[in-house]
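Letter by letter, the chains look like this.
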Amino acid sequence: EGSASANGARQPPPVLPPQFDNRTRQPQPSMSVEQAAKPTFSITVGDPHTVGNAASSHTVYSVITKTTSKAYANPTFTVTRRYRDFLWLYEQLHTNNPGIIIPPPPEKQTVGRFDANFIESRRMALERQVSKTANHPILQHDADLKTFLESDAFNVDIKHRDRKDPLHGAGESKGLMSSIGLGGGGGGKFVEHDDWFHDRRIYLDALENQLKALQKSTDTVMAQRKALADSCADFSTSLHNLAAVELSPSLSGPLDALGDLQSRIYELYSRHAMQDMLTLGIVIDEYIRLVGSVKKAFEQRQKAFHAWHSAETKLQDMKKQQEKLLRAGRSQQDRIAQMNADVNDAERRVHQSRLLFEDMGRLMRTELERFEREKVEDFKSGVETFLESAVEAQKEVCFWLHLDLRCYFD
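These numbers were taken from a predicted model, which means no experiment stands behind them.

What follows concerns the environment of Arg225. Note on placement: Arg225 falls in helix α7 (residues 195-245). By relative accessible area, which is 18% here, Arg225 ends up buried. The spacing of Arg225 and Ala273 is 48 residues in sequence and 6.2 Å in space, taken between C-alpha atoms.

Spelled out as structure tokens, the structure:
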């Protein structure tokens with residue numbers, strides 16, 4: 001289990017189901033009270049339009065939210081956001097929720113960012129990001145998500161919040177991360193002692209490489225399909241031009257019909273290439289970025305480990321100084337009292353940092369299991385749509401070809 005297969009690809013470590021005895025298992029309720037009370041979110045990112053002048057133009061989107069959550073003033077509301085606002089949300093959620101896999105926004109792009117196809121693919125990626133975030137059982141309660149979805153004065157609110165209270169909306173985790181130094185980088189070399197996390201990290205590296213290879217192949221197929229569509233358009237134009245100079249109606253008619261058929265095939269292939277990008281292509285791209293979010297959670301766990309052991313080292317140094325002061329006797333009473341307080345504070349930091357590291361480990365196990373379940377569902381849906389689109393396109397071409405043949409060659 002978790003070993004390399006015959007073709008060299010490493011299989012993911014299995015997620016073992018809980019053990020039970022069929023003879024003693026009792027029927028379970030279809031839905032728990034907590035699940036029934038869980039708020040629901042339906043979020044649409046739409047109406048992309050360009051604003052600003054030629055020097056500072058950017059695309060803004062309408063974010064429409066429908067929710068049953070009582071944390072919001074209304075059940076339905078709409079705000080406008082630009083790409084950098086979605087990026088802000090991603091970074092804030094990472095800071096606020098160490099160990100959680102944060103749904104990522106699409107990559108930033110400067111060339112071709114106003115192209116219609118690019119805007120549509122980005123719109124869909126942003127919608128998936130916010131929808132997955134809002135339906136996450138932990139992230140849906142984050143105050144920064146609430147600000148993003150609901151605030152009509154978003155830029156003013158986030159600037160005022162950062163200036164007034166740097167820890168607003170972060171909960172206890174962000175304050176704890178800052179207090180033990182987890183917010184920064186650093187730390188020595190990390191050696192993973194947990195086999196489960198070690199196997200998962202190897203699996204994630206292999207998954208990322210395979211997804212990138214799949215993305216490259218998919219991009220090639222889409223480019224070839226688009227090139228074929230362009231060739232059909234050129235072929236259609238040539239047929240129509242030939243039909244225009246042909247004197248025999250018995251030949252010009254079929255040539256015109258074949259030109260029309262090639263024109264429809266061009267439209268079909270162009271539409272098919274776009275649909276592939278917006279179904280399977282966008283899922284592949286999303287999961288490459290999601291693997292990056294998983295690795296970022298791994299890095300946070302490593303920082304928590306280093307913060308814990310750094311706090312322990314400082315505690316040991318303080319205890320050595322405390323022992324020296326105690327041996328010095330009464331002449332050091334003032335310093336002894338202060339040192340005792342410092343040692344107690346250091347012990348508290350060690351305890352907090354150890355708990356954070358352990359809690360992050362438990363949370364990441366749950367998150368990685370969720371990641372695997374959603375990956376299977378998303379790819380299954382993407383592949384099914386991809387295949388259905390290919391079959392329907394082929395049927396459409398055959399129908400047109402059969403119809404034209406009957407009209408002109410019967």
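Here helix α2 (residues 83-96) crosses helix α8 (residues 249-328) at 35°, and the two axes come no closer than 11 Å. Both α2 and α8 take part in a crossing whose hand is right-handed. Residues Tyr90, Glu91 and His94 of α2 form the contact with α8, whose participating residues are Ser293, Lys296 and Gln300. A class-by-class count of the residues in the contact of α2 with α8 yields 1 nonpolar, 3 polar and 2 charged.

In an α-helix there are 3.6 residues to a turn, and that puts residues three or four apart on one side. Compared with an ideal rise of 1.5 Å per residue, which puts 14 residues at 20 Å, α2 spans 20 Å between its outermost C-alpha atoms and is within 8% of the ideal. Here α2 lies mainly inside the structure; 10 of its 14 residues are buried. Of the positions making up α2, those classed as buried are Tyr83, Asp85, Phe86, Trp88, Leu89, Tyr90, Gln92, Leu93, His94 and Asn96.

Judged by nonpolar contacts, the single largest core of 25 residues is most densely connected at Ile43, Val63, Phe86, Phe148 and Leu149. Elements supplying a minimum of two residues to this core: β1 (41-51), β2 (58-67), β3 (76-82), α2, α3 (116-134), α4 (143-150) and α5 (154-164). No other element matches the 6 residues that α2 contributes to this core. Among residues more than four places away in sequence, those in contact with Leu149 are Phe41, Ile43, Val63, Thr65, Tyr72, Phe77, Val79 and Val130. Counting residues in each nonpolar core, the second largest holds 23 residues, with Ile101, Leu290, Ala297 and Met364 among its members.

It is worth spelling out the sheet that holds β2 at this point. Remark on secondary structure: sheet strands pair via backbone hydrogen bonds, oriented parallel or antiparallel. Spatial ordering of the open sheet is given by β1-β2-β3, a layout of 3 strands whose pairing is antiparallel. With one partner strand each, in any of the chains shown, β1 and β3 form the two edges of the open sheet. In this sheet, adjacent strand axes meet at a mean angle of 20° when their direction is disregarded. Each of β1, β2 and β3 touches α2; the most contacted strand, β3, lies at about 105° to it. Lying on the sheet, α4 is in contact with β1, β2 and β3; it crosses β3 at an angle near 90°.

Reading guide: rules and limits
- Residues numbered from 1 in each chain as written.
- Predicted model: local features only at pLDDT ≥ 70, side-chain atom pairs only at ≥ 80, totals over all residues.
- Heavy atoms only, no water.
- Helix = DSSP H or I, 4+ residues; strand = E, 2+ residues; numbered from the N terminus.
- Buried < 20%, exposed > 50% of the residue type's maximum accessible area, 1.4 Å probe, protein only.
- Axes fitted to C-alpha atoms, helices over the stretch in contact; angles between N-to-C directions.
- Left-handed = near helix turned anticlockwise from the far one by under 90°.
- Contact = heavy atoms within 4.5 Å.
- Nonpolar A, V, L, I, M, F, W, Y, C, P; charged D, E, K, R; others polar.
- Expected span 1.5 Å × (residues − 1).
- Core = buried A, V, L, I, M, F, W, Y, C linked by side-chain atoms within 4.5 Å.
- Pairing = 2+ DSSP bridges.

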